[in-house]
Amino acid sequence: TAKSELKDFLHINDFDKSTILKILDRAAEVKALLKSGDRSFQPFKGKTMAMIFAKPSMRTRVSFETGFSLLGGHAIYLGPDAIQMGKREETRDVARVLSRYNDIIMARVFAHQDILDLAKYSTVPVVNGLTDYNHPCQIMADVLTIIEHIGQIEGTKVVYVGDGNNIVHSWLLMAAVIPFHFVCACPKGFEPDKETVEKAQQAGISKIEITNDPKEAVKGADVVYSDVWASMGQKEEADSRRKIFQGFQVDENLMKIAGPKAYFMHCLPAERGVEVTDEVVEAPNSIVFPQAENRMHAQNAIMLHLLGV
Ligand code: CP
Ligand code: NVA
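An unreviewed UniProt entry annotates the protein chain as ornithine carbamoyltransferase originating from Malus domestica. Entered under Catalytic activity (unreviewed entry) in the UniProt record, the comment concerning the protein chain runs "carbamoyl phosphate + L-ornithine = L-citrulline + phosphate + H(+)". For the record of the protein chain, the UniProt heading Subcellular location (unreviewed entry) holds the text "Plastid, Chloroplast".

Here it is as C-alpha cells:
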C-alpha cells in the first residue's frame, strides 16, 4: 500500500531509485560527520525508538541503538522474552501500544507477516531489522560499502554463493530498483523465492541470474558474497545442509576463479570453515568489517528519511 511505502522501511523496492540513492548519500554524509568526532548533529533529540527482537542479534541491535543515541535519541531493547509477539500479546496490540510511547519502531521477527502487521497497526514508522523473508537494512549497508570500495553499484557484478535466503531476497529487491548484475549460486532446491526472482526480473532494471554452478558464477565478479547455510530458525537443519551445500563454500580457490579485483563480503555472523574459510574472511580483499560498520550509517540515514529530519 502507498501508506507503507511512505511510512515504513520494509522492502527496498517500496522506494524508488532516487530515494534509495538519496538515503545512501545521506548515510555517507552523516558517517563522515560522526567519524570526524562531531556530535553536534542531534536530530533524534527527545525521540525514542522501540526495538523488538524475536531473534538473536549483535550488529542490528548495537548499530541501531548506538546510531540512534549518537544522533540524540534513546533506544529501548526488547528481547525475545520481553514481548513474545503473537504469544503473550497480539501483534496489532503491540504496534498500537508502542506507537503511543515511541517515535519509531524497529523489529526483527520470524514471519514476514509480523512486520507487515506491525507496520499496518503502528502509527509511527516501522523499520525491518530482518525477517525470515528479507533483510533490507543489511543490503542498504552492503551497497554503501560497495560504493565506498568500488566507486559505484551500477554495473558491478555481485555474486552471492549459498542459500537462497532473506539476504538474497533483499539483493533481488535492490536489483529491482538500482541497475547492477546480481547472480545467486545455490544448491538445487535452495533457490530464492520464485515470485521475488520474477518480480526483480520483470522490473527490467538489472541483469539477474540464478544458477547451481558457483565456479561459473563467480567469474568476473566484483563482489563474492556469502551467508550462513542455516539461518536463524533453521539451525536444526545445519548438519544436513552441510552435506547438501558441499561445493558452495567460499574458499581461496573460488576467490581465485573470481579474480584479483573481487572483494569478499558476508553479512555476519560467519561460520568459518563452513560457508567460508578463515583465510577468505581474513584476506586483504575481505571487507566484512567495513560492511558491518556501515549498518549503523545506512540505518541512521533510513531513520532520518522516515522521521523527516
Ligand atoms: N548481519 C546481522 O544482521 O547481524 P546480527 O544478526 O548480529 O544483527
Ligand atoms: N540469513 C541469516 C542472516 C543473519 C544476519 C539469518 O537469517 O540467520
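1. Structural notes on the packing of aromatic side chains
Tallying each qualifying case throughout the model produces 10 aromatic pairs. A network of ring pairs unites the aromatic residues Tyr160, Trp171, Phe180, Phe182 and Tyr225 as a single cluster. Just above the ring of Phe110 sits the side chain of Lys55; from NZ or CZ to the centre is 4.8 Å.

2. With respect to the sheet that holds strand β9 (residues 263-266)
Paired through backbone hydrogen bonds, the strands of a sheet run either parallel or antiparallel to each other. Read across the sheet, 5 strands follow the order β7-β6-β5-β8-β9 without closing on themselves; strand pairing throughout is parallel. In this open sheet, the two strands that pair with only one neighbour each are β7 (207-211) and β9. When strand polarity is set aside, the average angle formed by the axes of neighbouring strands in this sheet is 20 degrees. As paired strands, strand β5 (residues 157-161) and strand β8 (residues 223-226) are joined by 4 bridges and run parallel to one another. Bridge pairing in β8 places Val158 opposite Val223. Where helix α13 (residues 288-307) meets the sheet, it contacts β8 and β9, and its direction lies at approximately 45 degrees from that of β9.

3. A few points about the environment of Ile150
Tracing the sequence through the fold places Ile150 in helix α6 (residues 136-150). We classify Ile150 as partly exposed; its relative accessible area is 29%. Expressed as a C-alpha distance, the spacing of Ile150 and Tyr263, which sit 113 residues apart in the sequence, is 9.3 Å. With near-sequence residues (within four places) excluded, Ile150 lies in contact with Thr156, Asp222, Val223 and Tyr263.

4. Details of the environment of Asp93
Mapping Asp93 onto the fold places it in helix α4 (residues 91-101). On a C-alpha basis, the gap between Asp93 and Val280 in space is 46 Å, while along the polypeptide they are 187 residues apart.

5. Digging into helix α8 (residues 194-203)
Given 3.6 residues per helical turn, the α-helix brings residues three or four places apart onto the same face. Considered for burial, the residues of α8 that qualify are Thr196, Val197 and Ala200. In a view along the axis of α8, the buried residues occupy a sector of 100 degrees, so they form one face of it. Across from the buried face of α8, at angles greater than 90 degrees, the exposed residues are Lys194, Glu195 and Gln202. Close packing links the buried residues of α8 with α7 (166-175) and β7.

6. Examining empty space enclosed by the protein
Going through the model one piece at a time under the given rule, you end up with 1 cavity of 30 Å³ or more. If you add up the space inside the largest cavity, you get close to 60 Å³. Taken together, Val228, Trp229, Ala230, Ala238, Arg241, Arg242, Glu271, Val274 and Glu275 form the lining of the largest cavity. Partitioning the lining of the largest cavity into residue classes produces 5 nonpolar, no polar and 4 charged.

Criteria and thresholds
- Residues numbered from 1 in each chain as written.
- Chains lettered and ligands numbered in written order.
- Predicted model: local features only at pLDDT ≥ 70, side-chain atom pairs only at ≥ 80, totals over all residues.
- Heavy atoms only, no water.
- UniProt positions renumbered as here; feature names shortened; annotations may be inferred.
- Phe/Tyr/Trp six-rings, centres within 6.5 Å; stacked < 30°, edge-to-face > 60°.
- Lys NZ or Arg CZ within 6 Å of the ring centre and 35° of its normal.
- Pairing = 2+ DSSP bridges.
- Helix = DSSP H or I, 4+ residues; strand = E, 2+ residues; numbered from the N terminus.
- Axes fitted to C-alpha atoms, helices over the stretch in contact; angles between N-to-C directions.
- Contact = heavy atoms within 4.5 Å.
- Buried < 20%, exposed > 50% of the residue type's maximum accessible area, 1.4 Å probe, protein only.
- Arc of directions from axis to C-beta.
- 1 Å grid on protein atoms, 1.4 Å probe; cavity = no way out; pocket = protein on both sides within 12 Å on 5 of 7 lines; lining within 4 Å.
- Points joined across faces, edges and corners; volume = space filled by probe spheres on them.
- Nonpolar A, V, L, I, M, F, W, Y, C, P; charged D, E, K, R; others polar.

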